[in-house]
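Observations on the model geometry
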There are 2 protein chains.
Amino acid sequence: MQRLSTQDAGFEQAFQRLVRERRESDENVARDVSLILADVRNRGDEAVAELTCRFDGHDLTDDASWRIELSACRHAFDALEPGLRAALELAAQRIRAYHEAQKPEDRDFTDEIGVRLGAKWSPVDAAGLYVPGGRAAYPSSLLMNAIPAKVAGVERLVVVTPTPKGIINPLVLGAAYLAGVDEIWRIGGAQAIGALAYGTQHIQAVDVITGPGNAWVAEAKRQLYGVVGIDMVAGPSEILVIADGKNEPEWIAADLLSQAEHDPSSQSILITDDPVFADTVAERVGVEISMLQTARVAEQSWKKHGVIIEVASLDEAPRLANALAAEHVEIATDEPEALFARIRHAGSVFLGRHTPEAVGDYVAGPNHVLPTGRRARFASGLSVLDFMKRTSFIQLDERALAAVGPAAIALAEAEGLPAHARSIETRLGI
Amino acid sequence: MQRLSTQDAGFEQAFQRLVRERRESDENVARDVSLILADVRNRGDEAVAELTCRFDGHDLTDDASWRIELSACRHAFDALEPGLRAALELAAQRIRAYHEAQKPEDRDFTDEIGVRLGAKWSPVDAAGLYVPGGRAAYPSSLLMNAIPAKVAGVERLVVVTPTPKGIINPLVLGAAYLAGVDEIWRIGGAQAIGALAYGTQHIQAVDVITGPGNAWVAEAKRQLYGVVGIDMVAGPSEILVIADGKNEPEWIAADLLSQAEHDPSSQSILITDDPVFADTVAERVGVEISMLQTARVAEQSWKKHGVIIEVASLDEAPRLANALAAEHVEIATDEPEALFARIRHAGSVFLGRHTPEAVGDYVAGPNHVLPTGRRARFASGLSVLDFMKRTSFIQLDERALAAVGPAAIALAEAEGLPAHARSIETRLGI
């Protein structure tokens with residue numbers, strides 16, 4: 001864990017290093033992925049089956065081995081422990097309610113010149129959702145990706161998920177049932193992304209692909225950007241906690257560890273104006289780690305990427321937070337509003353002392369798929385808009401064309417595009 | 001030009017070929033571009049200057065040669081022929097008005113449980129806009145990219161444009177003045193995109209890069225997606241005209257040619273239910289081409305990529321249009337509304353007989369940067385949202401946390417994330 005103070009002479013330099021640090025794996029997977037994608041494009045199912053056998057040890061020779069039936073999802077849901085089922089249902093209901101309000105409104109109006117203008121939103125026909133296998137298969141993540149797609153009106157929502165040695169996570173199936181997923185295919189890795197983008201004999205192509213995955217999955221999505229729509233490239237998760245000295249150290253320590261336990265490359269940062277509180281939290285993190293089942297991961301993350309920054313006043317925090325543009329920002333003070341008003345770059349902000357980030361991961365309602373690695377400077381969390389697109393439209397009558405047409409003709413001629421000009425002139429009888 | 005009829009036995013096959021055809025240059029520029037980007041990242045200005053000298057024959061040795069002063073833009077604007085200046089002003093005013101209405105609204109509400117939820121939009125700090133040099137330097141394109149950024153509230157809007165052998169297009173400078181561009185740098189190609197994304201000694205990094213360019217520029221943007229935000233990958237432009245037999249053949253011929261004249265790889269398609277009208281338009285296109293200054297380009301495009309599809313009834317047109325998902329769709333009928341209601345995938349739609357696509361390129365108001373190459377299945381035209389991002393926020397009090405917290409704890413435990421659970425438990429005194 002690194003300790004910084006804005007009072008130190010070397011602070012700006014150390015802070016800039018922190019801002020620029022890349023925690024993302026630099027594994028050179030681009031070449032492997034491009035070969036896999038080309039193979040899937042050329043050979044379709046045959047390539048997918050070979051790669052699935054090789055990487056997942058799952059045999060796709062007969063038709064039944066390709067898919068998980070929707071009835072199996074329903075059975076998995078029914079078999080869930082009732083408390084867990086209720087928790088999933090509450091999460092789904094709250095996520096749905098929040099995302100329903102994101103649905104964009106169409107526009108259609110006629111201006112003073114008589115030009116009718118508008119924009120019409122429509123969902124994509126089909127969306128693909130990657131769900132990692134094994135330890136990182138989170139039902140909450142399935143809900144967060146699938147529900148916005150269904151709220152958008154996507155008719156065909158396809159899940160791909162690797163089932164290494166045939167093993168399937170029943171929680172994920174239950175969530176898929178709850179979210180209304182339409183198809184589930186037992187494939188993973190870059191080959192699954194390729195199959196979704198290009199289509200194969202078994203799997204029809206989709207228009208948008210979202211969902212978390214390892215470096216191969218992320219690179220495959222990146223390479224296919226433009227062939228399909230994708231959600232933002234995601235890196236390791238991050239939390240920035242801005243806290244005064246009046247917080248319970250135990251609460252803040254748990255918040256920092258809730259990111260650290262995700263991955264050894266996750267990052268937790270505390271900004272506080274109270275050096276004694278900083279010490280107590282640091283100590284408390286040490287104690288808490290040892291009690292976690294996820295201690296090994298959390299400890300690696302905290303040791304390597306954890307940071308505590310002391311500031312003379314929390315007034316300095318927004319500048320630092322905007323430079324870090326973190327995925328999650330907690331403002332644990334009595335009056336978080338003034339600081340929040342000055343935070344411009346963050347994926348999601350958690351206000352006050354009783355809003356641990358983890359409620360946002362599950363049941364608050366807003367999406368937990370958020371920009372990481374300073375991408376909050378330009379990117380937003382996943383939303384209904386990621387599964388929709390806008391068609392603008394224009395309608396002129398003779399009078400309106402006579403009013404604005406000559407300006408268009410002048411510009412077309414200046415740009416050396418005579419047929420553009422001609423298409424207006426001929427209608428105006430020029 | 002290819003002639004198809006839905007009545008023909010081989011139609012579906014020929015149509016699928018048309019849908020899948022890739023008109024985009026497959027030049028293998030990826031490797032060159034990645035070397036250029038790495039060079040710019042490592043050596044900054046030095047690399048940019050060397051590459052600019054090599055590719056553009058423009059010398060960047062002294063400081064003055066890097067930038068175009070804003071005063072030069074103002075002079076260029078003042079020196080424009082008055083009719084052209086007025087046309088640019090009308091275009092800018094109408095584009096601004098249309099995009100102002102795109103500004104998203106923030107959300108902030110408290111639900112029945114007492115959970116405060118919301119979303120706050122903010123502009124990116126800085127945006128970069130690529131403007132091609134030479135023939136493809138369109139002032140209209142500058143307006144269409146720059147105005148949404150300024151409407152979004154972007155404080156620093158940076159234009160990069162190559163000035164081969166020092167030559168600058170005064171129309172582009174005039175448009176830059178009108179749009180309120182803040183900086184203009186005389187660099188182009190992949191190296192300019194790299195400079196914008198990574199920053200150099202002269203040029204501070206930006207957060208989003210938009211604007212058209214050649215294959216190198218497009219590939220550089222694609223490779224930097226995630227380091228910065230970018231607009232959708234753009235291919236050759238397209239128009240699909242759906243027209244009954246009551247149109248003036250001359251008007252429709254001009255519309256088809258207005259796309260064909262852009263580039264040899266542009267595509268113009270006519271769908272009509274009137275075979276005689278189809279013949280007349282085909283003939284008329286031949287006549288019109290010869291009168292164009294852009295004849296050579298238009299003829300190549302029409303010969304190689306032009307298509308006329310005869311349908312038994314225009315009722316078949318929406319299905320074909322949705323499969324083609326074209327950048328521009330004209331519906332030239334008396335009552336376009338019924339067909340338009342069935343068009344789900346299109347960049348922009350032009351309704352009725354008096355709405356040639358060219359008015360949309362210049363003065364209608366909606367953006368002319370639109371998804372090409374069937375990307376309208378999942379992508380939208382450029383908008384104010386491309387220069388903004390959304391931060392969600394959540395605030396719970398003790399009572400609200402007690403209400404939803406236990407469900408989050410159950411899910412966190414099921415996902416094997418004990419520190420997530422702990423951050424809630426400790427606040428609830430569990």
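Conventions used here
Throughout this document, residue positions are counted from 1 along each chain, in the order its sequence is written. Here the convention is simple: chains get letters from A, ligands get numbers from 1, in the order in which they are written. Residues qualify for local features only when their pLDDT is at least 70, as the model is predicted, and side-chain atom pairs are given and counted only at 80 or more; totals for whole chains, interfaces and linings, by contrast, use all residues. With hydrogens and water excluded, all non-hydrogen atoms of the structure serve as input to the side-chain values. To superpose the copies, least squares is applied to the C-alpha atoms of every residue with a pLDDT of at least 70 in both. Whether two residues are in contact is decided by their heavy atoms: any pair within 4.5 Å suffices. UniProt positions are given in the numbering used here, feature names are shortened, and annotations may be inferred rather than shown by experiment. Numbering of helices and strands runs from the N terminus, with a helix taken as a DSSP run of H or I at least four residues long and a strand as a DSSP run of E at least two residues long. Burial classification: accessible surface area is computed with a 1.4 Å probe over protein chains only, and a residue below 20% of its type maximum counts as buried, one above 50% as exposed, and the rest as partly exposed. Counted as a polar contact is a pair of N or O atoms within 3.5 Å, where, for protein atoms, one must be capable of donating a hydrogen and the other of accepting one, and residues adjacent in sequence contribute only when both atoms are in side chains. Salt bridge, as used here: a side-chain nitrogen of Lys or Arg that lies within 4 Å of a carboxyl oxygen of Asp or Glu. Within this scheme, the nonpolar core is defined by two criteria: the residues are buried Ala, Val, Leu, Ile, Met, Phe, Trp, Tyr or Cys, and they are joined through side-chain atoms within 4.5 Å. Put simply, buried area is the surface a 1.4 Å probe can reach on two separate parts but cannot reach once they are joined, added for both. Any residue that is not Ala, Val, Leu, Ile, Met, Phe, Trp, Tyr, Cys, Pro, Asp, Glu, Lys or Arg is counted as polar, Gly included; the first ten are nonpolar and the last four charged.

In this section: the relation of the copies chain A and chain B. By a simple turn and slide, chain A fits onto chain B: the slide is 0.0 Å along the axis, the RMSD is 0.0 Å, and the turn is 180 degrees. When the rotation and shift are considered jointly, the pair of chain copies conforms to a two-fold rotation axis. Mapped onto chain B, 100% of the interface residues of chain A are again interface residues, and the two copies thus contact each other with one and the same surface.

Residues and elements named next belong to chain A. Look at the UniProt record and you will see "binding site: substrate" (unreviewed entry) annotated at Ser-237, Gln-259, His-262, His-328, Asp-361, Glu-415 and His-420. Separation in sequence by 184 residues is matched in space for these annotated residues, since their most distant C-alpha atoms are 55.9 Å apart. When you line up the elements, Gln-259 lands in helix 10 (residues 249-260). A residue is classified by how much of its surface remains accessible, and Gln-259, at 0% relative accessible area, is buried. Not counting chain neighbours up to four residues away, the residues in contact with Gln-259 comprise Ser-237, Glu-238, Ile-239, Ser-266, Gln-267, Ser-268, Glu-327, His-328 and Glu-357. Only 2.9 Å separates the side chain of Gln-259 from the side chain of Ser-237, close enough to count as a polar contact. As for its position among the elements, His-328 is in strand 12 (residues 328-332). Those residues in contact with His-328 that lie beyond four places of it in its chain are Glu-238, Ile-239, Leu-240, Gln-259, Ser-348, Phe-350, Glu-357, Asp-361 and Leu-370. A distance of 2.8 Å separates the side chain of His-328 from the backbone oxygen of Glu-238, its partner in a polar contact.

Let us now look at the pattern of salt bridges. Going through the model one piece at a time under the given rule, you end up with 48 salt bridges over all chains. In this structure, a network of salt bridges that share partners links the residues Asp-39, Arg-43, Glu-46 and Glu-50 of chain A.

A separate point is the nonpolar core. Grouped burial of nonpolar side chains is what soluble globular proteins tend to show. Core analysis: the biggest nonpolar cluster contains 133 residues, and Ile-187 of chain A together with Leu-142, Leu-143 and Ile-187 of chain B have the highest contact counts within it. Dropping the residues within four chain positions of it, Leu-143 of chain B is found in contact with Leu-88, Ala-91, Ala-92, Ile-95, Pro-148, Ala-175, Leu-178 and Ala-179 of chain B.

The interface of chain A with chain B comprises 127 residues on the first partner and 127 residues on the second. With both chains or domains summed, chain A and chain B bury close to 10500 Å², and 56% of this area falls on carbon and sulfur atoms. Taken together, the connections running from chain A to chain B amount to 14 salt bridges. Among the salt bridges present, the one from Asp-207 of chain A reaches Arg-377 of chain B, with a minimum N-O distance of 2.8 Å. The tally of links from chain A across to chain B stands at 78 residue pairs in polar contact (both at pLDDT 80 or more). With nine residues, the top contributor of residues to the side of chain A that touches chain B is helix 16 (residues 398-414) of chain A. Residue composition of the side of chain A that touches chain B, grouped by class: 68 nonpolar, 28 polar and 31 charged.

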